[in-house]
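Overview (structure and organization)
Letter by letter, the chains look like this.
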Amino acid sequence: EELVGELIRACRDFFSVTVFPALQAPIGVGSAFEGWSPHGDDAVYHLLVPLKAPYGHAFSLEESIAGEKPARNFCIRVQLKCSCVREELVENMPCFLHHPEAEMRRHPSSHLLGFLCSDSYLDAHKTLKWFQNFVRAAWGVLPKTHPYRMKMLPSTGSCKLQLTDRLGRAFFIEIFFGLQQDDSDIFLCSCSKEATLTTSTTWSGSCAVAEVKFFQHIARQVPLDSYHLQCLHVCTQNLSGKGFSASVLKAAVMHLLTSTPLAGWCRRESVLRLKDILQYLKRCLEEKRLNHFFTGNDNVPREISLPFSYRMAEPLNLFQHLLQDKAAQARALCELEESYNKLLRL
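Below or above, wherever it landed, is the structure these notes cover. The shown structure was predicted, so the numbers you read here are calculated from the model rather than taken from an experiment.

1. Section: the packing of helix H5 (residues 208-219) against helix H7 (residues 246-257)
Two elements in contact, H5 and H7, have axes whose closest approach is 12 Å; the angle formed by their N-to-C orientations is 40 degrees. Between H5 and H7, the angle is such that the two are oblique. The two elements H5 and H7 meet at a crossing, and its hand is left-handed. When H5 is examined against H7, the residues Glu-211, Phe-214, Phe-215 and Ile-218 are found in contact with a partner set consisting of Lys-250, Met-254 and Leu-257. Class assignment for the residues of the contact of H5 with H7 results in five nonpolar, no polar and two charged.

2. Concerning the packing of aromatic side chains
Summed over the entire model, instances satisfying the criterion amount to 14 aromatic pairs. Note on Phe-14 and Phe-15: the rings are 5.0 Å apart at their centroids and 80 degrees apart in plane angle, and the pair reads as edge-to-face. By relative accessible area, which is 59% here, Phe-14 ends up exposed. Under the relative-accessibility criterion, Phe-15 is labelled buried at 16%.

3. Brief notes about the state of the cysteines
Under the definition given, this model contains zero disulfides. Here Cys-207 stays unpaired: no disulfide links it, and the sulfur of Cys-189, its closest cysteine neighbor, is 9.6 Å away.

4. Structural notes on helix H4 (residues 124-138)
With 15 residues, H4 ought to run about 21 Å at 1.5 Å a step, and its terminal C-alpha atoms sit 21 Å apart, in line with that. Listing the buried residues of H4 in full gives Ala-124, Thr-127, Leu-128, Trp-130, Phe-131, Gln-132, Phe-134, Val-135 and Ala-138. Of the residues flanking the start of H4, the one acting as N-cap is Asp-123, its side-chain oxygen 2.9 Å from the backbone nitrogen of His-125. Positive phi appears at Gly-140, one or two residues downstream of H4, with a value of about 95 degrees.

5. What about the pattern of salt bridges?
Taken as a whole and assessed by the stated rule, the structure comprises 11 salt bridges. When the shortest N-O distance is used, the salt bridge between Glu-2 and Lys-144 registers 3.7 Å. Highlighted residues: Glu-2 in helix H1 (residues 2-14) and Lys-144 in the loop between H4 and strand S8 (149-153), separated in sequence by 142 residues. Between Lys-250 and Glu-211 there is a salt bridge, and its shortest N-O distance comes to 2.8 Å. On the criterion of sequence distance, the pair formed by Lys-250 in helix H7 and Glu-211 in helix H5 is long-range, its members being 39 residues apart. Of the residues examined, Glu-211 reaches a relative accessible area of 8% and is grouped as buried. The network of salt bridges with common partners includes Glu-34, Glu-211 and Lys-250.

6. Some remarks on the packing of H7 against helix H8 (residues 270-287)
The description of two packed helices rests on the angle between their axes and on the distance between the axes. Between H7 and H8, whose axes approach to 10 Å, the crossing angle comes to 110 degrees. Judged by the inter-axis angle, H7 sits roughly perpendicular to H8. For H7 against H8, the interelement crossing comes out right-handed. Where H7 abuts H8, its residues Leu-249, Ala-252, Val-253, His-255 and Leu-256 lie against Asp-276, Ile-277, Tyr-280 and Leu-281. Classifying every residue of the contact of H7 with H8 by side-chain character gives seven nonpolar, one polar and one charged.

Conventions adopted
- Residues numbered from 1 in each chain as written.
- Predicted model: local features only at pLDDT ≥ 70, side-chain atom pairs only at ≥ 80, totals over all residues.
- Heavy atoms only, no water.
- Axes fitted to C-alpha atoms, helices over the stretch in contact; angles between N-to-C directions.
- Helix = DSSP H or I, 4+ residues; strand = E, 2+ residues; numbered from the N terminus.
- Parallel < 35°, antiparallel > 145°, perpendicular 65-115°, else oblique.
- Left-handed = near helix turned anticlockwise from the far one by under 90°.
- Contact = heavy atoms within 4.5 Å.
- Nonpolar A, V, L, I, M, F, W, Y, C, P; charged D, E, K, R; others polar.
- Phe/Tyr/Trp six-rings, centres within 6.5 Å; stacked < 30°, edge-to-face > 60°.
- Buried < 20%, exposed > 50% of the residue type's maximum accessible area, 1.4 Å probe, protein only.
- Disulfide = S-S within 2.5 Å.
- Expected span 1.5 Å × (residues − 1).
- Polar contact = N/O pair within 3.5 Å; in protein donor to acceptor, adjacent residues only side chain to side chain.
- Salt bridge = Lys/Arg side-chain N within 4 Å of Asp/Glu carboxyl O.

Encoded structure:
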């Protein structure tokens, strides 16, 4: 977070006299920052960088899929707004809406619509390309980057970095951008595991920040020797890729953490909790229904801010695909039964 934070501050300072999206402090998200990474030392550190509209511009959201409940895919329209009354506060920056065209031509590099947009919509690929170019130029110049050799990995939805320290140890950072939705903990992201479209102007809702806040909330409630993260780690190591994604397993554990006494997640009862997780998953598979944790769920802690549409939505079924795929259901049940039998032998 400190290293990426330094990159963000340098980027913000470097482009302070031009108009590019205003980058905010990075937020660590994903399993590595939640404390249970299934990959151990090979963890990928995901960091979300919130965006705000720059000087003289405004962002407005337009749903890209009609009828989604809640809407999870948006296009971000970039509009010019009057900044005449603020003109004296920003040196050499015109009001893009009202300034004469001749003056606008003197500031082509600072016109967001003409640089990072496609048809007036913020383009995720162009925005990431701009940031990737900055990272390449800045790497090695900033103090916190000195200890690491950097290799940028191919990606259109995020900025993926492989860093190698002086001892030859490598680790990975993935930086992606997000626009906060309705002052909530849901962000519309350039790279989202929940994305359903891949067009460069589609930004998809991500619950990554809400998930981090959830585990922070639980950490304040559970016993000091709680094994809930270790249980999630064990389940993910044994079941991920066998019909169960990491996000599905996380959703199951989150449901159980809000529907069972937290005192029971202590170390001496960890095997019982593992059995509970597997039995819960079995019931969900048999019913072909596992609800998304943040949509239509009254058990979401109130300190997690969700858009009104998420709280009022019908529950979203993460096992919807099983309704039409009996073979996949049978394979998942078989893998689950095998894992349960291994647990019984412990």
